[in-house]
Amino acid sequence: MTVFTPGPHYLPGGLPIPTAEPDGLSARYWQGLCEGRLLVQHCPHCGTWQFGPEWLCHRCQRFDPDWREVEPLGHIYSWERAWHPAHPALRQHGPYLAVLVELPQAGGVRMVGNLLGDAMQEVEIGAPVAGVFEHHREARPSYSLLHWRVACHA
């Protein structure tokens, strides 16, 4: 696992702070990121992995899937170079790369994140990536994000 402690952070200030829903559905995911761990839901009944968080298993419909830690290693499944800001705080922060990362050790679930590095870098489908945790301990409430960086082997 890589802990990314840039100064300044990869994303500019002024963005909404990500927090769990009021019902707490994604609280374990966000807490895991704060601890430098990637947690993904796994059904103890049928073995299905899933992301984003749900109260029940997508496959067998049983309630309360477990959360399991997985290494933040995967492959780029898809990507996009974003030229237009999705939020006013990103007005001077483009372009940037958004990737859809497939996690083989979590049943192939996919999650979206930023790809660190030069926004104009060549991006290859299938390229190995490693997760990079960006902690915002100074924020109230504090939070952490998971970004991705091209890796030599994943």
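Throughout what follows, the structure given in this document is the object of discussion. From a predicted model like this one, the values you see are computed outputs, not experimental measurements. (Residues numbered from 1 in each chain as written. Predicted model: local features only at pLDDT ≥ 70, side-chain atom pairs only at ≥ 80, totals over all residues. Heavy atoms only, no water.)

**Examining the pairing of strand 2 (residues 38-42)**
Right, on to step 1. Counting buried positions over the five residues of strand 2 gives five, a clear majority of the element.
Right, on to step 2. The alternating pattern of strand 2 places Leu38, Val40 and His42 on one face and Leu39 and Gln41 on the opposite face, and all of these are buried.
Right, on to step 3. Here strand 2 runs beside strand 4 (residues 66-70); their pairing, made up of five bridges, is antiparallel. Within strand 4, the residue paired with Gln41 across the bridge is Trp67.
Right, on to step 4. Pairing of strand 2 with strand 3 (residues 49-50) involves two bridges; the strand directions are antiparallel. In the sheet register, His42 faces strand 3, and the bridge partner there is Trp49. (Buried < 20%, exposed > 50% of the residue type's maximum accessible area, 1.4 Å probe, protein only. Helix = DSSP H or I, 4+ residues; strand = E, 2+ residues; numbered from the N terminus. Pairing = 2+ DSSP bridges.)

**Overview of the pattern of salt bridges**
When charged atoms on two side chains of opposite charge get close, those side chains can pair.
Right, on to step 1. Here the structure, examined in full by the defined rule, presents three salt bridges.
Right, on to step 2. Salt-bridge contacts for Glu69 lead to Arg37; the nearest nitrogen and oxygen are separated by 3.4 Å. With Glu69 in strand 4 and Arg37 in the loop between helix 1 (27-34) and strand 2, the pair connects residues that are 32 residues apart, well separated along the chain.
Right, on to step 3. Overall, the relative accessible area of 39% leaves Glu69 in the partly exposed class.
Right, on to step 4. A salt bridge links Arg110 to Glu102, with the shortest nitrogen-to-oxygen separation between them at 3.2 Å.
Right, on to step 5. On the basis of relative accessibility, which here comes to 35%, the residue Arg110 falls in the partly exposed class.
Right, on to step 6. Exposure remark for Glu102: the relative accessible area of 25% places this residue in the partly exposed category.
Right, on to step 7. The network of salt bridges with common partners includes Glu35, Arg37 and Glu69. (Salt bridge = Lys/Arg side-chain N within 4 Å of Asp/Glu carboxyl O.)

**Considerations on helix 1**
Given 3.6 residues per turn, any residue in an α-helix points the same way as the ones three and four places further on.
Right, on to step 1. Within helix 1, burial applies to Tyr29, Gly32 and Leu33. Along the axis of helix 1, the buried residues cluster in a sector spanning 100 degrees; they form a single face.
Right, on to step 2. For helix 1, the elements touching its buried residues are strand 2, strand 4, strand 8 (128-136) and strand 9 (143-150).
Right, on to step 3. Downstream of helix 1 by one or two residues, Gly36 has phi in the positive range, about 75 degrees. (Arc of directions from axis to C-beta. Contact = heavy atoms within 4.5 Å.)

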